[in-house]
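Here is how the chains run, residue by residue.
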Amino acid sequence: MPDIFVNYRTGDEESAATMIARELIRRFGRERIFFASDSIEPGHRFPVELVRAVEECEALLAVIGPRWTEVRGADGRPALEAEQDWTRREIQTALERGILVIPVLIGKATRIDHAVLPEDLRELADCQYRRFDHRNAETDMTALGDALTRLLPELGAVDRDARAARERTEAKSPEESARDAAPSRMRARDVDQRVRGGIGNLNGDLSGTFVNEPQGPVNTGRGHQYNAPHFQGDNTGVQFTAGDNSGTVHQRFERERRRSDDGR
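Residues numbered from 1 in each chain as written. Predicted model: local features only at pLDDT ≥ 70, side-chain atom pairs only at ≥ 80, totals over all residues. Heavy atoms only, no water.

Peer 1: So what exactly am I meant to see when it comes to the confidence of the model for the chain here?
Peer 2: For the chain, the average pLDDT comes to 78, and 66% of its residues sit at 70 or higher. Under a pLDDT of 50 for its full length, residues 199–214 has, in the predicted model, 21 contacts with residues more than four places off or in other chains. Here residues 234–242 is modelled with pLDDT under 50, and outside its nearest four sequence neighbours on either side it reaches 37 contacts, counting other chains as well. (pLDDT = per-residue confidence, 0-100. Contact = heavy atoms within 4.5 Å.)

Structure follows, in structure tokens:
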């Protein structure tokens, strides 16, 4: 019998329940997932198959959308209030037998209101849930599948995604593995070069950014921007320019003057 029973209410997020069931079937195999519309063969007794599948499953996913408590039966009353309501009976059976029950709440606003649940389902509100949002379907489905493999180790042996990941890793050549590791090495080398070239971060008592031998204007964060020294000139002299945002100082040193100073 299947490991996972997907429980849902007609009229409330059947599309989400179908998506969840199909993805779990893809990942773990059809024989591991029970979804009434796909798992009951033509001619088989519907009530008998449902009860048997719930009693023998390892976990029941209760797919609950925003209309889960509002859908009404043929008598006009909320379907959840009817003792023969199959959605209710499946969850009740799982809870009574100590089967793992995981509410899967559809959308960001769906909540389980303890006060509106029938007495035999009150425990459902205490079960830790997972959330599934159509806008984040791939990530949420992966998280749900990963949670099931942790909770039910036997699923790990048939997890197609895990097997595919192992096969990709095993199929990689040493050259491919080296290429995969190259970006990390390049990032580390780039940091080392930046530090050696004069830009880095000081930790400990001296915290901040240091600049060593800048090649142009440098901004170290807050405050003024300081320009690196700049020299220009010809055979007769050199002009030195330095400053910050508040002003610039120009100095010119004549070769002849330096020579005369050296001669004193």
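Peer 1: Got a minute to help me understand the packing of aromatic side chains in this structure?
Peer 2: For any pair of aromatic rings, the description consists of the separation of the ring centres together with the inter-plane angle of the planes. Taken as a whole, this structure holds two aromatic pairs when the rule is applied. Seen in terms of ring centroids, Phe-5 and Phe-34 are 4.8 Å apart; in terms of plane orientation they differ by 15°. Their pairing is stacked. Of the two residues, Phe-5 sits in strand β1 (residues 4–7) while Phe-34 sits in strand β2 (residues 33–34), which places them 29 residues apart along the sequence. Sitting over the ring of Trp-68, Arg-9 keeps its end group 5.6 Å from the ring centre. Sitting over the face of the ring of Trp-86, Arg-89 holds its NZ or CZ atom 4.0 Å from the ring centroid. (Phe/Tyr/Trp six-rings, centres within 6.5 Å; stacked < 30°, edge-to-face > 60°. Helix = DSSP H or I, 4+ residues; strand = E, 2+ residues; numbered from the N terminus. Lys NZ or Arg CZ within 6 Å of the ring centre and 35° of its normal.)

Peer 1: Looking at this model, I keep getting lost on the nonpolar core. Mind explaining?
Peer 2: In a soluble, globular protein the nonpolar side chains are often hidden away together inside. By size, the foremost hydrophobic cluster in this structure holds 25 residues, and its most contacted members are Ile-4, Ile-20, Leu-24, Leu-61, Phe-132 and Leu-148. For this core, the elements supplying multiple residues, two or more each, are β1, α1 (14–28), β3 (59–64), β4 (100–106) and α5 (137–151). Here this core gets seven residues from one element, more than from any other, and that element is α1. The residues touching Leu-61, leaving out its near neighbours within four places in the chain, are Ile-4, Phe-5, Val-6, Asn-7, Ile-20, Leu-24, Ile-102, Val-104, Leu-144 and Leu-148. By size, the runner-up hydrophobic cluster in this structure holds 23 residues, among which are Ala-53, Cys-57, Leu-80 and Leu-117. (Core = buried A, V, L, I, M, F, W, Y, C linked by side-chain atoms within 4.5 Å. Buried < 20%, exposed > 50% of the residue type's maximum accessible area, 1.4 Å probe, protein only.)

Peer 1: Any chance you could explain the packing of α1 against α5 here in plain terms?
Peer 2: Angle between the axes and distance between the axes are the two parameters that describe a pair of packed helices. Close contact between α1 and α5 brings their axes to 11 Å; oriented N to C, the two are set at 55°. Taken together, α1 and α5 sit at an angle that is classed as oblique. Here α1 runs over α5; the crossing is right-handed. Together, Met-19, Ile-20, Glu-23, Leu-24, Arg-27 and Phe-28 of α1 and Ala-137, Met-141, Thr-142, Leu-144, Gly-145, Asp-146, Leu-148 and Thr-149 of α5 make up the contact between the two elements. Along the lines of polarity and charge, the residues of the contact of α1 with α5 split into eight nonpolar, three polar and three charged. (Axes fitted to C-alpha atoms, helices over the stretch in contact; angles between N-to-C directions. Parallel < 35°, antiparallel > 145°, perpendicular 65-115°, else oblique. Left-handed = near helix turned anticlockwise from the far one by under 90°. Nonpolar A, V, L, I, M, F, W, Y, C, P; charged D, E, K, R; others polar.)

Peer 1: Hey, could you run me through the sheet that holds β3 in this one?
Peer 2: Here we have five strands laid out as an open sheet, ordered β2-β1-β3-β4-β5, and parallel in their pairing. A strand with exactly one partner marks an edge of an open sheet, and here the two such strands are β2 and β5 (130–132). As judged from the four bridges shared by β1 and β3, these two strands associate in the parallel manner. Along β3, the bridge assignment pairs Ile-4 with Ala-59. Sheet contacts for α1: β1, β2, β3, β4 and β5; angle to β3, the most-contacted strand, approximately 150°. (Pairing = 2+ DSSP bridges.)

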